[in-house]
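The chain contents come next:
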Amino acid sequence: MHTHAYGPGRNALALQKNGQVVFPILAVTLGLPLFIAAYKRALDPLFGSALTGQYLEYVVYGCEALAILFPRPTIHRILLGLAVLVQIAPRSTYWVGIYAARYGDPVTGALICHVLVLAPVVHLSMALIMCFGSRFVVMFELARIVFRLYSLPELIVRKLSVESQKDYIFLCLGVLAYARMEDKLGSMRNGLQVVNPARRYCLHPPTLTASQEFPYHSVQYPLRILSSQESTTGVVVVGELLDTLKDTIPDALHSLRYLRASHSLLGGGVPPRTDGFGTPLGDSIYSAFVLQEAVRLINDTSEYPGGRRERALIIGLGTGIVADALAHHGISTTLVEIDPAVYYAARRYFGLKHPGDDNVFLEDARGWLERHAASLAASPSNPPKFDMVVHDCFSGGAVPEHLYTIEFWNELKAIMTPRGVIAVNFAGKLGSKPSRAVATTLLKVFGQCRAFHDHHLQDEFINIVFFCSKSVSPLTFRPSVEGDYLHSYLRRHECQHVVCRSGRNVLTQRHGQKRNEWQRVDAAEHWRIMRKIMPDVVWETF
């Protein structure tokens, strides 16, 4: 009597008999988390990291459950499907993403992209594992937990995300899938021959980080892209809205150069400020940067040499407007910026002067602060501390949580002089849980704070600048004088309104989940505002 195995089981039994089951299981276990990380990285410029990740895990687990519960195709068809879907992922992610974003709802748009692009790959990957037995599902899920715990796929993608190299993750995974479909571990040459057309026509998305031809002039809109590159915080773009817009669309923004990271504007300028090439730039597009400069105007400087503060620390650079202003006033400034691409863009395209190699730190501020605080505590020579700090780390509709905890502020306070002052820019709604929590945490650490903004409505998403002081003297501002304006119309005429609020929320490292829940709501609001400020074509060109 002969028994026959049908469907996926027949292929699985053959592979198990040949001892080749380990390769596909390892390939999926390692490859799927890597694919998900690369997919998230590709989608971030269209929706921002917070909104991209909001429902992503739910989609992944849902597809895995469907693959376990329902019948599966043959291994040959699974691998063929994976080979095709993985290789077209860069283009499918981009095109589905931009049309889903035009729907106007970032949460729904990201979810649509997950369902159409990510879900089929996850479903087929889990179906492949199920072909070899349900016991391998446990191994797969344990491996995913370990990868997520140490963020290994994200680290790999980040290391490979220089220019267009991120796309080669999709290429390599597709080649492996095709080679395995042929059931020949040595058939990589054949796999490369088959995927070569896909590499040319499907692999590279229509994004500028793959072309590297700058400046790029859009054929759809009076838009010029000066630079676009993958970096630590995602894609970093320097672009210009040309002055021809004032003739075609009178109410549209024009004659503007901007710096963008992911789905967030880090800043920009209009004439007559100049960049490193002498091109006019002018005032900031954000009044919050001018508000931050008011940290110089805080009173209680009698104990400082010459009656003024001399050393400043800036955490989060943007286009460098605040750093340049402080340098113009003769203040020694130390810069801490996590993304090298942002720093070099500020230098080249926004006129930032180099403060000296010893005053630039291109790394995460938390690690730098821990080392700097430790060196100050260990030094017997009593090295100088910072008289003022400007903290501006909001990007992509969210903040880096570890730079807003009470532990971080206490460490920052330790490297400031006894009468040191700090300006913290935070984007959100007045009276919302995140803004109240930030205000309360700063008050708990520094003792006194004042908040400034340029809107009156509590339900508007705005920039709020908190000024806080270690001093026991009242936090007041001296009257501004002509020398404070640096020939800037915005600095002269900016209207400041003080808002002081209290709350019961103090941010600690244990509150990461709560902060994430708060930020998702603000991230969606921020996304909509960004889409109102700039047209869709600006966010789709990177």
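Residues numbered from 1 in each chain as written. Predicted model: local features only at pLDDT ≥ 70, side-chain atom pairs only at ≥ 80, totals over all residues. Heavy atoms only, no water.

Draft legend 1. Inspection of a nonpolar patch on the surface at higher detail. Taken together, the side chains of Y55, Y58, L111, I112, V115 and L116 present a nonpolar region at the surface, about 570 Å² in accessible area. At 4 residues, helix α7 (residues 106-130) tops the list of elements feeding residues into the nonpolar patch. On the basis of relative accessibility, which here comes to 33%, the residue I112 falls in the partly exposed class. (Patch = residues over 30% accessible without salt bridge, like charges linked within 9 Å, V, L, I, M, F, W, Y side chains within 5 Å. Areas by Shrake-Rupley, 256 points an atom, 1.4 Å probe, with all protein chains shown as cover. Salt bridge = Lys/Arg side-chain N within 4 Å of Asp/Glu carboxyl O. Helix = DSSP H or I, 4+ residues; strand = E, 2+ residues; numbered from the N terminus. Buried < 20%, exposed > 50% of the residue type's maximum accessible area, 1.4 Å probe, protein only.)

Draft legend 2. Expanded view of helix α4 (residues 56-69). Helix length check: α4 (14 residues) gives 20 Å between terminal C-alpha atoms against 20 Å at 1.5 Å per residue, within 8%. The set of residues buried in α4 consists of L56, V59, V60, C63, E64 and A67. Along the axis of α4, the buried residues cluster in a sector spanning 130 degrees; they form a single face. In α4, those exposed residues whose orientation departs by more than 90 degrees from the buried face are Y58 and L69. (Expected span 1.5 Å × (residues − 1). Arc of directions from axis to C-beta.)

Draft legend 3. Summary view of the environment of S435. Take S435: it is sitting in helix α19 (residues 433-446). A sequence separation of 29 residues divides S435 from I464, and the C-alpha atoms of the two residues are 8.4 Å apart. If sequence neighbours within four positions are ignored, S435 has contacts with F426, K429, L430, I464 and F466. (Contact = heavy atoms within 4.5 Å.)

Draft legend 4. Seen up close, the nonpolar core. Among the nonpolar cores identified, the biggest contains 65 residues, and Y39, F47, L118, L128, I129 and M534 are the most heavily contacted of them. A per-element tally of this core places α7 first, with 14 residues. Among the nonpolar cores identified, the runner-up in size contains 37 residues, and A365, V399, F408 and F466 belong to it. (Core = buried A, V, L, I, M, F, W, Y, C linked by side-chain atoms within 4.5 Å.)

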